[in-house]
Amino acid sequence: MKIVAAEIDSVGNDIDYRSLEKLGDVTFYKDKVTAENAEERLTGADVLCINKSKITTDILKKAPSLKLICEFATGFDNVDIKACKECGIKVANVAGYSTASVAQHTFALLFYVMEALKDYDEFVKSGEYASQEHFCKLDIPFHELDGMTWGIIGMGNIGRKVAQIATAFGAKVIFYSASGRTDHNSEDEQYEMVSFDELLKRSDVLSLHCPLSDKTRGIIDEVAFKKMKKSAILINVARGPVVNEEDLVKALEDGEIAAAGLDVLTVEPMKKDSPLLRIQDSKKLFVTPHMAWASVEARSRCVEEVAKNILAFEKGEARNIVG
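All values derive from a computational prediction rather than experimental measurement.

S.K.: Please give an account of the overall build of the chain that cites residues and values.
M.R.: Within the chain one finds 12 helices and 12 strands. The C-alpha radius of gyration computed for the chain amounts to 22 Å, which stays within 12% of the reference 20 Å derived for 323 residues, consistent with globular compactness. Considered along the principal axes of its C-alpha atoms, the chain spans approximately 70 × 50 × 35 Å. The proportion of buried residues among the 323 residues of the chain is 48%. A distance of 3 Å separates the average location of the 41 positive side-chain charges in the chain from that of its 51 negative side-chain charges.

This is how it looks when you write it as structure tokens:
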């Protein structure tokens, strides 16, 4: 079996890929598969492993022997599923591999902005702390998560993990189902399900863990910000387009909400003229470069899951097939 693994730089050069190499003849590429390089790279390939490469009809035409596309990711909107079906190509993703990593980063984003950690760190390292008489610094107040209301959009694996941790901190968790369901399931029945408007009005912290869809694209916009508490903190570790970035910047500038922590953006890498760059105060806005999913452990699990998908496909089993 001939396997092409593209975008290895996006998974990491510190990860062990032997589980893939055991399955066949593997060729690794650091960059994406494109219409320009597809014919050269994919001729004779049975399996293609990708992360963000846009797989179009044009690329598929240049890979006549391709049978399986494996995502180094949960999302698969970068692949033309309809075109793959027409070509008889299966598409498989990996799910659940980054739950612990993304949940952990959710709280890292929150505490960085909520406790003004950058300011305290700079205060100490500048020498100001060593020069003052007082033993602490009280001019940047922060609040306890204990007793706050934590709102969630997207009560999947990651959302439930965040809910569990938030509850351990003493927060009350409420959630809105972006899929439109109105009934609890056995995994989230301990949390209060509310309407979208109620979620916005009640949440002290609002974290986003939903997939990008027609229902969630731009769901957090100017109208939504005006319904939120002025003291609210928004955390987005879902997909960038779930939040209207121009509206977010305006909400932060106008004091509609207190702060935001983002790990995902509408365009990645960030555009040089992104409106988010207008906010330079890290107590108001903290952005990380789409890394919440990327703990060493999560990336290792991701590769192992891809290998299991390929092995299952070779045995005729439909494991994690999404199209």
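S.K.: Can you explain unusual backbone geometry? Please cite residues and give values.
M.R.: Across the junction of Glu268 and Pro269, the peptide omega takes the value 0°, indicating a cis bond. Assignment of secondary structure puts Pro269 in the loop between β11 (259-262) and β12 (285-287). In the Ramachandran plot, Glu7 falls in the positive-phi region, its phi being about 60° despite a non-glycine side chain. Mapped onto the elements of the fold, Glu7 is located in the loop between β1 (2-5) and α1 (18-21). Even without being a glycine, His290 presents a positive backbone phi close to 45°. Examined against the element boundaries, His290 turns out to sit in the loop between β12 and α12 (296-314).

S.K.: Give me the sheet that holds strand β4 (residues 68-71): which residues, what numbers.
M.R.: The strands making up a sheet are joined through hydrogen bonds of the backbone, oriented either antiparallel or parallel. The strand order across the open sheet built from 5 strands is β2-β1-β3-β4-β5, with neighbouring strands paired in parallel fashion. Both edges of this open sheet fall to β2 (25-28) and β5 (90-92), since each of them pairs with a single strand only. On average, each strand axis in the sheet is tilted by 20° relative to the strand beside it, whichever way the strands run. Bridge count between strand β3 (residues 47-50) and β4: 4 bridges; the pairing is parallel. Bridge pairing in β4 links Val47 to Leu68. Contacts from α12 reach β1, β3, β4 and β5, with the element oriented near 160° to β4.

S.K.: I'd like a description of the sheet that holds β11, backed by residues and values.
M.R.: Across the sheet, which stays open at both edges, the 7 strands sit in the order β8-β7-β6-β9-β10-β11-β12 with parallel pairing between neighbours. The sheet terminates laterally at β8 (192-193) and β12, the two strands that pair on one side only. When strand β10 (residues 233-236) meets β11, the two strands line up parallel, connected through 4 bridges. Considered in β11, the bridge of Ile235 is made with Gly261. Sitting on the sheet, helix α5 (residues 99-114) is in contact with β6 (149-153), β9 (205-208), β10, β11 and β12, with an inclination near 150° to β10. Against the sheet, helix α11 (residues 245-254) makes contact with β10, β11 and β12, and its axis sits at roughly 145° relative to β11, the strand it touches most.

S.K.: Could you give an account of the packing of α5 against helix α8 (residues 157-168), naming the residues involved and the relevant values?
M.R.: With their axes 9 Å apart at the nearest point, α5 and α8 run at an angle of 50° to one another. Here α8 runs oblique to α5, going by the angle between their axes. When the axes of α5 and α8 are compared, the crossing they make is right-handed. For the pair α5 and α8, the contacting residues are Thr99, Val102, Ala103, Thr106 and Phe107 in the first and Asn157, Ile158, Lys161, Val162, Ile165 and Ala166 in the second. Looking at side-chain class alone, the contact of α5 with α8 contains 7 nonpolar, 3 polar and 1 charged residues.

Reading the values: the criteria
- Residues numbered from 1 in each chain as written.
- Predicted model: local features only at pLDDT ≥ 70, side-chain atom pairs only at ≥ 80, totals over all residues.
- Heavy atoms only, no water.
- Helix = DSSP H or I, 4+ residues; strand = E, 2+ residues; numbered from the N terminus.
- Rg over C-alpha atoms; globule rule 2.2 N^0.38 Å.
- Buried < 20%, exposed > 50% of the residue type's maximum accessible area, 1.4 Å probe, protein only.
- Lys, Arg positive; Asp, Glu negative; His and termini not counted.
- Charge placed at Lys NZ, Arg CZ, Asp CG, Glu CD.
- Pairing = 2+ DSSP bridges.
- Axes fitted to C-alpha atoms, helices over the stretch in contact; angles between N-to-C directions.
- Contact = heavy atoms within 4.5 Å.
- Parallel < 35°, antiparallel > 145°, perpendicular 65-115°, else oblique.
- Left-handed = near helix turned anticlockwise from the far one by under 90°.
- Nonpolar A, V, L, I, M, F, W, Y, C, P; charged D, E, K, R; others polar.

That is the geometry; function is a separate question.
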